[in-house]
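# Overview (structure and organization)
Next come the chains, spelled out residue by residue.
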Amino acid sequence: AGRGGSDPVPAPQDGLAVADDLHTLLANSGNAGPYVFVGHSTGGPYLRVFAAKYPNEVAGMVLLDPQPADAFSALPDFPASYDSIHVVASLFTPLARLGLFRLVYALLPADLPSPYGEAERAEKSLPRIQQGQRDEFAVLRSTLSQAMALTSVGDKPLVVVSAPVDAQRGWMDAQKGYLSLSSNSTQRIAADQDHGSLIESERGAAISTQAIRDVLASIRT
């Protein structure tokens with residue numbers, strides 16, 4: 001909610017609220033399930049919540065450098081960094097209104113080609129985007145706790161693509177926890193990729209796309 005063309009909501013949404021939104025969206029889309037779901041970063045926990053609540057709608061999953069559901073216990077530096085970001089994030093919306101993020105993103109290199117890189121930067125600079133990220137972070141503890149409810153998707157294909165470049169301590173090992181969700185799972189290490197480049201760089205996007213194709217092939221055969 002509040003991202004792209006989506007309407008904002010009056011209060012932060014935890015994983016259950018996000019799962020219900022997605023369920024309603026798919027029901028109204030006219031495209032019958034089950035579906036292959038692809039989640040990046042916190043999209044990993046969101047999909048775990050969805051799969052626990054709507055298991056029959058899930059045919060397979062691809063998780064791109066997903067946030068570990070046990071991040072607060074598995075990542076040594078995460079609790080302290082979460083507390084810091086939680087405080088600082090409250091300043092992001094007013095700073096965005098002052099135009100600070102337009103200046104920041106103008107100085108940062110972009111992996112996306114033109115005109116998509118410019119469009120992404122303009123989107124990220126909007127106050128409502130910063131507010132949405134702040135709200136997402138505010139209820140992250142609840143979302144991760146809800147994600148732990150999913151313990152298995154049976155033998156449905158699951159691919160975890162992990163990006164080691166600049167990964168925080170414990171991140172790579174913690175991602176292995178997702179593999180136990182399926183008896184038909186695999187982890188792929190994208191050795192030259194960081195967290196964002198799996199969806200923003202040409203090489204990273206190719207790796208992510210191949211994982212999706214492989215899950216589809218597994219389902220069909």
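Residue positions are given per chain, counting from 1 as you read along its sequence in written order. At least 70 in pLDDT is required for a residue's local features to be given in this predicted model, at least 80 for side-chain atom pairs to be given and counted, and no such filter applies to totals for whole chains, interfaces and linings, which use all residues. Calculated side-chain values reflect all of the structure's heavy atoms, with hydrogen atoms and water omitted.

Before going further, it helps to examine the overall build of the protein. Here a helix means four or more residues in a row that DSSP labels H or I, a strand means two or more in a row labelled E, and each is numbered from the N terminus. Across its full length, the protein holds 12 helices and four strands. With respect to the principal axes defined by its C-alpha atoms, the protein has extents near 55 × 40 × 40 Å. The burial tally for the protein puts 37% of its 221 residues in the buried class. Residue contacts follow a heavy-atom distance rule, with two residues in contact if any of their heavy atoms lie within 4.5 Å. When contacts within the protein are restricted to residue pairs at least 6 apart in sequence, long-range pairs at least 24 apart make up 74% of them. In this scheme, a residue with accessible area under 20% of its type's maximum is buried, one over 50% is exposed, and one in between is partly exposed, where area comes from a 1.4 Å probe on protein chains only.

Quick look at the nonpolar core now. Soluble globular proteins tend to pack their nonpolar side chains together in the buried interior. Nonpolar core, defined: a set of buried Ala, Val, Leu, Ile, Met, Phe, Trp, Tyr and Cys residues in which side-chain atoms within 4.5 Å join the residues together. One finds Phe37, Phe50, Ala51, Val58, Met61, Leu63 and Leu158 to be the most contacted residues of the largest nonpolar core, which totals 20 residues. Listing elements by their share of this core, those giving two or more residues are α1 (15-29), β1 (35-40), α2 (43-53), β2 (58-64) and β3 (158-162). When residues of this core are assigned to their parent elements, the largest contribution, four residues, is made by α2. Discounting residues that sit within four places of it in the chain, Leu63 has contacts with Gly39, Gly44, Leu47, Leu158, Val159, Val160, Val161 and Tyr178. Of all hydrophobic cores here, the second largest spans 10 residues; its members include Val62, Ala163, Leu198 and Ile207.

This paragraph deals with the pairing of β2. Of all seven residues in β2, seven are buried, a share of seventy percent or more. Looking at chain direction, β1 and β2 are connected through six bridges and run parallel. Of the residues in β2, the one forming a bridge with His40 is Leu64. Handedness of a crossover: with both strands directed away from the viewer, a clockwise path from the first strand across the helix to the second marks it as right-handed. Once you follow β1 into α2 and on to β2, the crossover reads as right-handed. At least two DSSP bridges between two strands are required for those strands to pair. Strand direction decides the pairing type here: β2 and β3, joined by four bridges, are parallel. From the neighbouring strand, Met61 faces β3, where its bridge partner is Leu158.

All right, on to the packing of α1 against α2 then. As a rule, the C-alpha atoms of each element are fitted with a line to give its axis, helices using only the stretch in contact, and angles between N-to-C directions run from 0 to 180 degrees. At a closest axis distance of 9 Å, the pairing of α1 and α2 adopts a crossing angle of 65°. If you check the angle between α1 and α2, you find them roughly perpendicular. The element α1 and its partner α2 pack so that their crossing is right-handed. Residue-level inspection shows Gly15, Leu16, Val18, Ala19, Asp20, Leu22, His23 and Leu26 of α1 in contact with α2, the latter providing Tyr46, Leu47, Val49, Phe50 and Lys53. When grouped by side-chain class, the residues that make up the contact of α1 with α2 number nine nonpolar, two polar and two charged. In these notes the angle categories are as follows: under 35 degrees is roughly parallel, over 145 is roughly antiparallel, 65 to 115 is roughly perpendicular, and the rest is oblique. Here a crossing is taken to be left-handed if its near helix is turned anticlockwise relative to the far helix by less than a right angle, and right-handed if that turn runs clockwise. Classification used: nonpolar for Ala, Val, Leu, Ile, Met, Phe, Trp, Tyr, Cys and Pro, charged for Asp, Glu, Lys and Arg, polar for all others including Gly.

Turning next to the sheet that holds β2. The parallel open sheet is built from four strands, whose spatial order is β1-β2-β3-β4. Of all strands in the sheet, those with a lone pairing partner are β1 and β4 (185-189), marking the two edges. Averaged over neighbouring strand pairs, the angle between their axes works out to 15° when direction is ignored. Helix-sheet contacts for α2 involve β1 and β2, and the interaxial angle to β1 is about 145°. Relative to β2, helix α12 (residues 202-220) is tilted by about 160°, and along the sheet it contacts β1, β2, β3 and β4.

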